[in-house]
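# Structural description and commentary
Single-letter residue listing:
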Amino acid sequence: MDFEFLYIPIGVPTFHLESAQKEFDKSVNMLKSIDGAGKYPEEMLLSIDKLNAFLEGKNPDLVIVQNITFANSAYISEVLKKFDCPVLLWTLREPVIDGGRLRLNSLTGAYSAANTLRGLARPFEYIFGSPEEEKVIKKTSSVIKAARLKKALTKLNFLQVGHTPQGFGFGRGLDLEMLRTFGVTLLSIEARELINKAKLYSDEDIKEYLEDADTRINGLNETKEKNRLDFARLYRAYSEYCKENNIGALSSRCWPDFFTAFGTPVCAVLGILNDLNIPSACEADTYGGLTMYMARFLTDSPAFFGDPVSMNEEENTISFWHCGMAACSLARTDTGACADVHCNRKIGPTLDFGCKANPDATICRIGKDAKGEFRLFLSHGEILDKPKQFNGTCLVVKTDNSAEEIVNRSVTDGWEPHFVVAYGDITDELKALANFLGIEVMCY
């Protein structure tokens, strides 16, 4: 994926250019230290002509517009006429306050630019400060990552396997909505297509898949022979389909079809796919799977998908659980990822483990409000070092804010019963992404 951002330092030559040049040099060095995909002018852009010359022939995925000194709205207007991409507006701190000359007047320029951005209904992120300040570095890094993710979504083929079960329609994706809001291409097939594909494989055809699974899942060899082999058939069917169709994430129907029509659950297959960098949600929850993709992209780690099933006021924790399809790499090191049977259907293999701890966790979900508009759930906490609480896969998050209030508010606000727990603090990146996509953010 060819991602590119532009650093656009705008201003006029009537301010203190020695101070401006120092900030220009520091800004370029800071941005290069964050991400190597930037394009930079050789000098400050202190006229409309110089600005347009630099913009000529560019096609950025993000523009970082910095008032190196004051600049009127004509400058940002030129940028917005040429590019329809995310914008980070950056105000520099005045380098000296000594009762003498105003060196930069960057802040007034920011007001001028922001007035134009708002007037044209263009979403943008904003930061105030000097390039050496930690908050500026953190914010800029978050916005660049969000812009990278926004572009990645436009390249994503998302596979929807089968329909959501009765009563689970909240997760059903529509191709037009996915394309319009996220830029994602939604592909759909019936579960039976992959089941029929799996049935064609001989025992020899699936040998390498079974051997790979044995290295990931403890006790898989104790699963009934037929189920163990049929699991490997599903593993190959899903893997090959994803490779052949360039699938980057998926949601899959699971019950009842894989129990009734095939006799073996797909849970453990989805768990392995999550470890193979194909974020995969069960119960055909497409928007849950999309959230998993976002979390995986921003953390470079598989995310957990599950239901909030328990809350402990004294510990200030919320427990998340699902039948057994979490990524094997998320398992506690003292147990590893273990094989078991499905908690209700008593057919295996499913995965069975508690998840490893992590000091940062982001609880998130792309969902919809009562009017069908997309919105983003966000909360932050810590994944605790807890053993498995229920059969299946589960983790426990100690939330920063009141767990009781989070549960009460999220229930009364009508959120879907599936959430994603990311291994890392990606709240800033997701807020920026939601802003760029025009999605409401609800923080808990």
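For the structure given in this document, a descriptive report is provided here. (Residues numbered from 1 in each chain as written. Predicted model: local features only at pLDDT ≥ 70, side-chain atom pairs only at ≥ 80, totals over all residues. Heavy atoms only, no water.)

### Focus on the packing of aromatic side chains
The cut-off we apply is this: Here a Phe, Tyr or Trp ring, Trp counted by its six-membered ring, pairs with any other such ring whose centre lies within 6.5 Å, and the pair is stacked when the planes are under 30 degrees apart, edge-to-face when over 60, and tilted otherwise. Secondary structure is summarised from DSSP: a helix means a run of H or I of at least four residues, a strand means a run of E of at least two, and numbering begins at the N terminus for each. Criterion for a charge above a ring: Arg CZ or Lys NZ at most 6 Å from the ring centre, at most 35 degrees from the ring normal.
The tally for this structure, following the rule as stated, stands at 16 aromatic pairs. For the pair Tyr 7 and Tyr 40, a centre-to-centre distance of 6.1 Å together with 55° between the ring planes defines the contact as tilted. With Tyr 7 in strand S1 (residues 5–10) and Tyr 40 in the loop between strand S2 (38–39) and helix H2 (48–55), this pair connects stretches of sequence that are 33 residues apart. Cluster of aromatic residues (ring-pair linked, three or more members): Phe 320, Phe 377, Trp 415, Phe 419 and Tyr 444. Lying across the ring of Tyr 40, Lys 32 places its NZ or CZ 5.4 Å from the centre. Sitting above the plane of the Trp 415 ring, Arg 375 keeps its charged end 4.0 Å from the centroid.

### Points about the environment of Gln 389
Note the following rule: Contacts between residues were defined by any pair of non-hydrogen atoms, one from each residue, lying within 4.5 Å. Think of a polar contact as two N or O atoms within 3.5 Å of one another; within protein, one of them needs to be a possible hydrogen donor and the other a possible acceptor, and neighboring residues in sequence only count if both atoms come from side chains.
By secondary structure assignment, the location of Gln 389 is in the loop between strand S15 (374–383) and strand S16 (393–399). Gln 389 sits 35 residues away from Gly 354 along the chain, and the two C-alpha atoms are 7.2 Å apart. Not counting the four nearest positions on each side in its chain, Gln 389 is found in contact with Ser 319, Cys 394 and Val 396. At a separation of 2.6 Å, a polar atom in the side chain of Gln 389 contacts the side chain of Ser 319.

### Side note on the pattern of salt bridges
Note the following rule: Throughout this description, the term salt bridge denotes a Lys or Arg side-chain nitrogen within 4 Å of a carboxyl oxygen of Asp or Glu. Using a 1.4 Å probe on the protein chains alone, a residue whose accessible area is under 20% of its type maximum counts as buried, one over 50% counts as exposed, and one in between counts as partly exposed.
Using the criterion set out here, one finds 27 salt bridges in the structure. Residue Arg 253 is joined to Asp 257 by a salt bridge in which the shortest nitrogen-to-oxygen separation is 2.3 Å. When its relative accessible area of 22% is taken as the criterion, Asp 257 is described as partly exposed.

### A word on the sheet that holds S1
For clarity, the threshold we go by: Only strands joined by at least two bridges in the DSSP assignment are considered to pair. Axes, fitted as lines to C-alpha atoms, cover a helix only where it is in contact. Angles between the N-to-C directions of the axes lie from 0 to 180 degrees.
The five strands are arranged S2-S1-S3-S4-S5 in an open sheet whose pairing can be described as parallel. Each end of this open sheet is capped by a strand with a single partner; those strands are S2 and strand S5 (124–128). Of the pairings in the sheet, the one linking S1 to strand S3 (residues 62–67) comprises six bridges and is parallel in character. Bridge pairing links Pro 9 to Gln 66 in S3. Packed on one face of the sheet, helix H5 (residues 134–154) meets S1, S3, strand S4 (87–91) and S5 and runs near 165° to S5.

### Observations concerning empty space enclosed by the protein
In this approach the atoms are scanned with a rolling probe the size of a water molecule, which exposes any empty space left behind. As a reminder of what qualifies: Grid points spaced at 1 Å and placed over the protein atoms alone form the basis of the search, with a cavity being a set where a 1.4 Å probe fits but cannot get out and a pocket an open set showing protein on both sides within 12 Å along at least five of seven lines. Lining residues have an atom within 4 Å of a point. Grid points are joined across faces, edges and corners, and a volume is the space filled by probe spheres set on the points. Amino acids are sorted into nonpolar (Ala, Val, Leu, Ile, Met, Phe, Trp, Tyr, Cys and Pro), charged (Asp, Glu, Lys and Arg) and polar (every other residue, Gly among them).
For the coordinates displayed, the defined rule picks out three cavities of 30 Å³ or more. For the largest cavity, the calculated volume is near 50 Å³. Lining the largest cavity we find Cys 254, Trp 255, Phe 259, Cys 267, Cys 282, His 322, Cys 323, Gly 324, Met 325 and His 342. Per-class residue counts for the lining of the largest cavity are seven nonpolar, three polar and no charged. Here the second largest cavity defines a volume of roughly 40 Å³. What lines the second largest cavity is simply Phe 182, Met 294, Ile 366, Leu 376, Leu 430, Leu 433, Ala 434, Leu 437 and Ile 439. In terms of residues, the lining of the second largest cavity owes the most to one element, helix H14 (residues 427–437), which gives four residues. The residue inventory of the lining of the second largest cavity, partitioned by class, reads nine nonpolar, no polar and no charged.

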